[in-house]
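# Topology and contacts: notes
One letter stands for each residue in the lines below.
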Amino acid sequence: MTDTLHILKVALDVPLDRVFDYRTDKPNTQIGQYVVVPFGARKMIGVVVGISDTSSIESKKLKSIIRLDPEVIFDEQSFKLFQFCSQYYHYPLGQTILSAVPSRLKKINTKAMTKKYLYRLTPKAIELGIDQLPPRQTTLKRVVMALIDATLLDEASLRSISSSWKKSIETLDEMGWIEKEEITLDDKVYIQAPIPSLNDEQKKAFDEISKTNKTFAAWLLYGITGSGKTEVYIRLIEEALKKEHAQVLVLVPEINLTPQLESRFRARFEKYMLVTLHSHLTDNERLTHWRLAKEGQAQIVIGTRLSIFTPMPHLSLIIIDEEHDASFKQQEGLRYHARDVAIFRAKSENIPIVMGTATPSLETWFNATKTKDAKKFGFLKLTSRAVLDSTLPEIKCIDISKSTVTKGFSPYLVEAIRDRLNKKEQSLIFINRRGFAPVLLCSSCQWTGRCHRCSSRLVVHLNQKRLRCHHCGHDEKMPLQCPSCGNTDLYPTGLGTQRVEETIKEFFPEARILRVDRDSTKTKEALNDLFLKMKNREIDILIGTQMLSKGHDFPYLSLVGVLDTDQALYSPDFRASERLFSQLMQVSGRAGRAKTKGEVYIQTAFPNHPIFEALKTHDYEHFANELLKERELAELSPFAFLVLLKGEAHQLAHVMQFLNDAMIHAQNLSAHVTVYNPVRPMMERLKGMERAQLVLQASSRVALQKLLNDWVPYLRENKLAQKVKWVVDVDPLEF
Ligand code: ADP
Ligand code: ZN
Ligand code: ZN
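Position labels on residues start from 1 in each chain and follow its written sequence. Working convention: letters from A go to chains and numbers from 1 go to ligands, in the order in which they are written. A pLDDT threshold of at least 70 governs which residues receive local features in this predicted model, and a stricter bar of 80 or more applies before side-chain atom pairs are shown or counted, although totals over entire chains, interfaces and linings include all residues. Hydrogens and water are ignored here; the side-chain numbers use all heavy atoms of the structure.

Every helix listed is a DSSP run of H or I at least four residues long, and every strand listed is a run of E at least two residues long, numbered separately from the N terminus. What the protein chain contains, in helices and strands, is 21 helices and 31 strands. With the radius of gyration taken over C-alpha atoms, the globule rule is written as 2.2 Å times the number of residues to the power 0.38. The C-alpha atoms of the protein chain give 27 Å as radius of gyration, which agrees with the globular expectation for 735 residues (27 Å, within 12%). When each of the 735 residues of the protein chain is scored for burial, the buried share is 57%. By definition, residues are in contact when any of their heavy atoms lie within 4.5 Å. In the protein chain, the proportion of contacts linking residues at least 24 apart, taken out of those at least 6 apart, comes to 75%. Accessible area of the protein chain: about 32,900 Å², with a carbon and sulfur share of 51%. His is not counted here, nor are the chain ends, while Lys and Arg score as positive and Asp and Glu score as negative. For this purpose, a charge sits on NZ of Lys, CZ of Arg, CG of Asp or CD of Glu. Side chains of the protein chain give 101 positive and 88 negative charges; the mean places of these two sets differ by 3 Å. Each residue is assigned to one of three classes by its accessible area relative to the maximum for its type, calculated with a 1.4 Å probe on protein chains only: buried under 20%, partly exposed between the two thresholds, exposed over 50%. Note on areas: these come from Shrake-Rupley sampling with a 1.4 Å probe, and a residue is covered only by the protein chains present in the view.

Here is the structure:
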């Protein structure tokens, strides 16, 4: 019964590692088209991944598709990428594909492309300037300032400045202050940004990479902040786009995609269509941008990790900025690392890939610097700051074990801030908040507030007078007396951003202070506002967490004070010191970026720790090489490959039974893989679930993958798996 049947192999968003057969009467269906199909009692969106005239299912039992959408949503190259990811990360193909396409596509009806505009100020507006705006119109003012700053902005950027941007644009339009233009391929007139000529190191980097222009090669562009990496990317992109129809993909960490970066690219690529892909776009915008890339119209795509899956028919170059950034790793669902996927893609499409950073991940550092024959990446260095007269900040450690510390601040740091205030320069107080936030402590019995659903402490939110769990969102009123002993003297310990803010206010009542953390800057809007305020010197002291450590220019910032880093020095996570180093290096890079000399004060009880020695001399290389030696001895990444199996259940016994069973099975599968015992993670309970995990380790990726090929299907079949929620994380970043 095989004649004249058209069978579609359809991948669905279900946790089963197989595809499903459906019947169709449309003979010219293509791979990559999506379909609506009946699945049990439901209708589901699926993607055609194969076409056949046979099926193992009896033909009367075969169901027909309900609808076929004409749009082909991925090409052969993307399909290869999905297959690779599905196999390498051991995640079902259907779920892999459907997590990589814009979510708007998955709704049953999708709108056609909408018109998109870019906005700029008219010459009249630039001449009149901000002072001519009506008073108290802060949003209007902000929009105009952003336009002055960026020259040209698209709707997504404007929305990130204010949610009522449309009204501002209308007002400006009535005033004759604004011009808009449609984003098209037509020629446009842009204001030219000054183009620096490359220095010797930049030129060398450009030349070397350009030589490999048309074939696969992976490059590490290692250069301190401000050394001109972005300028090198721009030149490489210009070069790549000389080829007709060529497309370029630039991957950036989420937080780095500021209107400033975007406008820098727009200004330099006036003749090309540039689109962005990130989580601040609306679903419709995302779909539109993605389609422009897929149709080959957008020549430059700047996006965050998910954009690595964007089909681009003429992709010629991939750039990854801040290669070391942890946001490139997806921590749920398909747990891919965008850098690793990008390397696979570059290899498979035979194009170059350039990874830039001041503090490479140890894996990348290893790949770029190990001995010749094993070396996987080309290695290029930029050793000095590109702007003349701009030097690296001086880094000093303050030994807090030898100094009187008042509410977290040593007198040296307080004096340094005062000095900046007098000089009308800006200070940044950096708190490394990872695993560190103020908890409420009873002075008499040491009681602390704990979450009853997670093994975590509740964090004090002083302004709202509430205690909150940062893991599950549990929220309760702050008690007035100790629930355990009745004592009324409860106080918050530890340095949260709010507490630091209160302290700074006490020390410097006259200063203009801004606190930035996840609570105060939920939106990109707030973050952009902050950049503008810093630029306009409306802030004297900025207090913040890692959000602030990444590539933003604050020209008047000359002091960075770092509080409390010590718990990261002795963390059980083997990547903690690598992360701390890169964070401190990045945050130090914020000081003295223009012509103001920068200083960094690090408060620590361990001023002689090698990490600080390396920071003082700005010597990432030495530090990285020392860390590599440690990793080699301990047989950790990059000398070994790891896989983490995480499980959780209402009852600990179920998780343990599942993991023990998994462990024994894995031990029987391969002698080349070390299988560790199940252990509890740092966060033993989460949202009321008991958690445990086990690690697989191997010196050969092939051996590990071979084991996984048998092991993961076994786990899926395991009856205990019904009581246990589990995931496999290949190349985990966090444990
Ligand atoms: P990075 O990406 O390494 O942080 P950027 O490319 O952003 O560095 O460069 C830092 C600053 O130096 C920018 O303002 C840039 O315009 C400027 N710059 C880059 N290259 C040069 C150069 N060759 N000559 C002068 N200025 C440069
Ligand atoms: Zn008590
Ligand atoms: Zn909780």
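Another point: the packing of helix H1 (residues 76-88) against helix H2 (residues 93-100). Helix axes use the C-alpha atoms of the stretch in contact, all axes being lines fitted to C-alpha atoms, and the angles between their N-to-C directions lie in the range 0 to 180 degrees. Relative orientation of the contacting elements H1 and H2 amounts to 125°, with a least axis distance of 9 Å. Judged by the angle between their axes, H1 and H2 are oblique. As for the relative orientation of H1 and H2, their crossing is right-handed in sense. Here Phe 79, Phe 82, Gln 83, Cys 85 and Ser 86 of H1 lie close against H2, whose contacting residues are Leu 93, Thr 96, Ile 97 and Ala 100. Each residue is assigned to one of three groups, with Ala, Val, Leu, Ile, Met, Phe, Trp, Tyr, Cys and Pro labelled nonpolar, Asp, Glu, Lys and Arg labelled charged, and all others, Gly among them, labelled polar. The class makeup of the residues in the contact of H1 with H2 is six nonpolar, three polar and no charged. Roughly parallel refers to an angle under 35 degrees, roughly antiparallel to one over 145, roughly perpendicular to one between 65 and 115, and oblique to any angle outside these ranges. By definition, any crossing whose near helix is turned counterclockwise from its far helix by less than a right angle is left-handed, and any crossing with a clockwise turn is right-handed.

The donor set comprises N, O and S atoms within 2.8 Å of the metal, extended to 3.2 Å for Na, K and Ca; water molecules are omitted, so apparent gaps in a site may simply reflect that omission. Around the zinc ion (ligand 2), the protein supplies Cys 442 (SG), Cys 445 (SG), Cys 482 (SG) and Cys 485 (SG) as donor atoms, at distances of 2.3 to 2.4 Å. When four donors show all angles between 85 and 135 degrees the site is tetrahedral, when four or six donors have opposite pairs over 155 degrees and all other angles between 65 and 115 it is square planar or octahedral respectively, and in every other case it is irregular. Bound by four donor atoms, the zinc ion (ligand 2) shows angles of 106 to 112° at the metal and therefore tetrahedral coordination geometry. Along the chain, the residues that donate to the zinc ion (ligand 2) are spaced as C-x2-C-x36-C-x2-C. Of this pair, Cys 445 sits in the loop between strand E18 (439-442) and strand E19 (459-461) while Cys 482 sits in the loop between strand E21 (475-477) and strand E22 (490-493); the two residues are 37 residues apart in sequence, bridging distant segments of the chain. In this structure Cys 445 comes out as partly exposed when scored by relative accessible area, which is 29%. Relative accessible area serves as the criterion here: at 3%, Cys 482 is assigned to the buried category.

Side chains Leu 274 and Thr 276 of strand E11 (residues 274-277) all project onto a buried face; the interleaved residues Val 275 and Leu 277 project onto the opposite face, where all are buried too. Note: E11 against strand E12 (residues 300-303), four bridges, orientation parallel. Directly across from Val 275, in E12, lies its bridge partner Val 301. For crossovers, right-handed means that the path from the first strand over the helix to the second runs clockwise, given strands pointing away from the viewer. Between E11 and its parallel partner E12, the chain crosses via helix H10 (residues 283-294), and the hand of that crossover is right-handed. DSSP calls a pair of strands paired once it identifies at least 2 bridges connecting them.

Attention now moves to the environment of Pro 352. Residue position: Pro 352 is located in strand E14 (residues 352-357). Sequence spacing of Pro 352 and Ala 614 is 262 residues, and the spatial spacing of their C-alpha atoms is 32 Å.

Moving on, we come to the packing of aromatic side chains. Here a ring pair, both rings aromatic, is described through the centre-centre distance and the interplanar angle of the planes. Under the pairing criterion, centres of Phe, Tyr and Trp rings, with the six-membered ring standing for Trp, must be within 6.5 Å; the plane angle then separates stacked pairs below 30 degrees from edge-to-face pairs above 60, leaving the rest tilted. Per the counting criterion, the structure on display carries 22 aromatic pairs. Seen in terms of ring centroids, Tyr 222 and Phe 379 are 6.1 Å apart; in terms of plane orientation they differ by 20°. Their pairing is stacked. Within this pair, whereas Tyr 222 is found in strand E9 (residues 217-223), its partner Phe 379 is found in strand E15 (residues 378-382), the two being separated by 157 residues in sequence. Within the aromatic cluster, the residues linked to one another by ring pairs are Tyr 222, Trp 365, Phe 379, Phe 581, Tyr 620 and Phe 623. Two conditions define a charge sitting above a ring: the NZ of Lys or the CZ of Arg must be within 6 Å of the ring centre, and it must be within 35 degrees of the ring normal. A cation over a ring is seen here: Arg 537 above Tyr 556, with NZ or CZ 3.7 Å from the ring centre.

Turning to the environment of Leu 81, a few remarks are in order. Structurally, Leu 81 is set in helix H1. Judged by its relative accessible area of 3%, Leu 81 falls in the buried class. Between the C-alpha atoms of Leu 81 and Phe 344, which are 263 residues apart in sequence, the distance is 7.7 Å. With residues up to four places along the chain from it excluded, the contact list for Leu 81 reads Ile 308, Phe 309, Val 341, Phe 344 and Arg 345.

On to the sheet that holds strand E26 (residues 599-604). Pairing is parallel in the open sheet, where six strands are placed in the order E16-E26-E25-E17-E24-E23. The outermost strands of the open sheet, each flanked by one partner alone, are strand E16 (394-399) and strand E23 (513-516). Taken over all neighbouring pairs, the strand axes of this sheet differ in orientation by 15° on average, direction set aside. For E16 and E26, the ladder comprises six bridges, and the chain directions are parallel. Looking at E26, one finds that Ile 395 is bridged to Val 600.

One heavy atom within 4 Å of a molecule or strand makes the whole residue count as near it. With respect to spatial proximity, 17 residues lie near ligand 1, and among them Ser 197, Gln 202, Gly 226, Thr 230 and Arg 264 are the closest. One of the backbone N or O atoms of Ser 197 is found 2.8 Å from a nitrogen atom in ligand 1. In the model, a nitrogen atom of ligand 1 is placed 2.8 Å from a nitrogen or oxygen of the Gln 202 side chain. Contact with the protein chains removes 75% of the 560 Å² of surface that ligand 1 exposes when unbound. When residues in the shell around ligand 1 are grouped by element, the largest group, three residues, is from helix H8 (residues 229-240). Partitioning the shell around ligand 1 into residue classes produces five nonpolar, eight polar and four charged. Whenever a nitrogen or oxygen atom comes within 3.5 Å of another N or O atom, the pair is scored as a polar contact, on the condition that within protein one atom can donate a hydrogen and the other can accept it, and that pairs from neighbouring residues in sequence are kept only if both atoms are in side chains.

Take the environment of Pro 92 next. Here Pro 92 shows up in the loop between H1 and H2. Between the alpha carbons of Pro 92 and Gln 498 there is a distance of 44 Å; along the sequence they are 406 residues apart. Look past the residues within four positions of Pro 92 in its chain and what remains in contact with it is Val 14, Pro 15, Leu 16, Asp 17, Ser 86 and Arg 716.

Membership of the largest hydrophobic core comes to 118 residues, with the highest contact counts inside it found for Ile 308, Phe 309, Leu 645, Leu 696 and Trp 711. Residues Phe 206, Ala 240, Ile 302 and Leu 382 belong to the second largest nonpolar core, which totals 30 residues. Put simply, buried Ala, Val, Leu, Ile, Met, Phe, Trp, Tyr and Cys residues joined by side-chain atoms within 4.5 Å make one nonpolar core.

Here the focus is the sheet that holds strand E3 (residues 33-39). The five strands are arranged E2-E1-E4-E3-E5 in an open sheet whose pairing can be described as antiparallel. In this open sheet, the two strands that pair with only one neighbour each are strand E2 (20-24) and strand E5 (67-72). Across the sheet, the axes of successive neighbouring strands diverge by a mean angle of 45°, strand direction being ignored. Alignment of strand E1 (residues 6-12) against E2, held across five bridges, turns out to be antiparallel. Within E2, the residue paired with Val 10 across the bridge is Phe 20.

Once that is clear, we can look at the pattern of salt bridges. Salt bridge criterion: a side-chain nitrogen from Lys or Arg within 4 Å of a carboxyl oxygen from Asp or Glu. In total, this model carries 43 salt bridges according to the counting rule given. For Asp 399, the salt bridge is made with Lys 402, and the minimal N-O distance between the two is 3.2 Å. Exposure remark for Lys 402: the relative accessible area of 71% places this residue in the exposed category. Residues Asp 475 and Arg 466 are paired through a salt bridge, measuring 2.4 Å at the closest nitrogen-oxygen approach. What emerges from the salt-bridge pattern is a single network uniting Lys 396, Asp 419, Arg 420, Lys 423, Glu 425 and Glu 599.

On to the side chain of Gln 426. Along the polypeptide, Gln 426 turns up in strand E17 (residues 426-431). Judged by relative accessible area, which is 2%, Gln 426 ranks as buried. Apart from the residues within four sequence positions on either side, Gln 426 is in contact with Met 534, Arg 537, Ile 539, Asp 540, Tyr 556, Leu 557, Ser 558 and Leu 559.

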